[in-house]
Amino acid sequence: MQENVELALQNCVTLESIEEKAEQLQQQAGVFKKTAKDIRNKMWWKNLKMKLAIAFIILAILGVILAVTIPKVKAVSGSDDNDN
């Protein structure tokens, strides 16, 4: 009988320990979820900024190419008009 009481007390202590660990895990899961959401948002903004920077660079390169070629095309087409 005394062994049963001791075993019941040990089980009670073990159960309390498991409950405490479960509560800690629940808290850690909440912190993890919030941190993951924050990191996801930061990475989304970082990705958007990178895409915008690449688009700006491409547009700048196209602008330079057009700025260099348009006067040459006008000069060539202008000299063709004078030949006729």
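Our subject in this report is the structure included herewith. (Residues numbered from 1 in each chain as written. Predicted model: local features only at pLDDT ≥ 70, side-chain atom pairs only at ≥ 80, totals over all residues. Heavy atoms only, no water.)

1. Considerations on the overall build of the chain
Secondary structure summary: the chain contains one helix and zero strands in total. The C-alpha radius of gyration computed for the chain amounts to 36 Å, which surpasses the reference 12 Å derived for 84 residues by more than 25%, pointing to a less compact arrangement than a globule. Each of the 84 residues in the chain was classed as buried or not, and the buried ones make up 0%. Here the chain contributes 11 positively and 10 negatively charged side chains, and the mean placements of these two sets differ by 13 Å. (Helix = DSSP H or I, 4+ residues; strand = E, 2+ residues; numbered from the N terminus. Rg over C-alpha atoms; globule rule 2.2 N^0.38 Å. Buried < 20%, exposed > 50% of the residue type's maximum accessible area, 1.4 Å probe, protein only. Lys, Arg positive; Asp, Glu negative; His and termini not counted. Charge placed at Lys NZ, Arg CZ, Asp CG, Glu CD.)

2. Thoughts on the pattern of salt bridges
Any two side chains of opposite charge can pair, on the condition that their charged atoms come close. With the rule as written, the count across this model stands at one salt bridge. A salt bridge links Asp38 to Lys34, with the shortest nitrogen-to-oxygen separation between them at 3.1 Å. Of this pair, Asp38 and Lys34 both sit in helix α1 (residues 2-83), four residues apart, which is roughly one turn of the helix. Using a relative accessible area of 55% as the deciding quantity, one classes Lys34 as exposed. (Salt bridge = Lys/Arg side-chain N within 4 Å of Asp/Glu carboxyl O.)

3. Digging into a negative patch on the surface
On the surface, Glu16, Glu19, Glu20 and Glu23 cluster together into a patch of negative charge. Inspection of the secondary structure puts Glu20 in helix α1. (Patch = residues over 30% accessible without salt bridge, like charges linked within 9 Å, V, L, I, M, F, W, Y side chains within 5 Å. Areas by Shrake-Rupley, 256 points an atom, 1.4 Å probe, with all protein chains shown as cover.)

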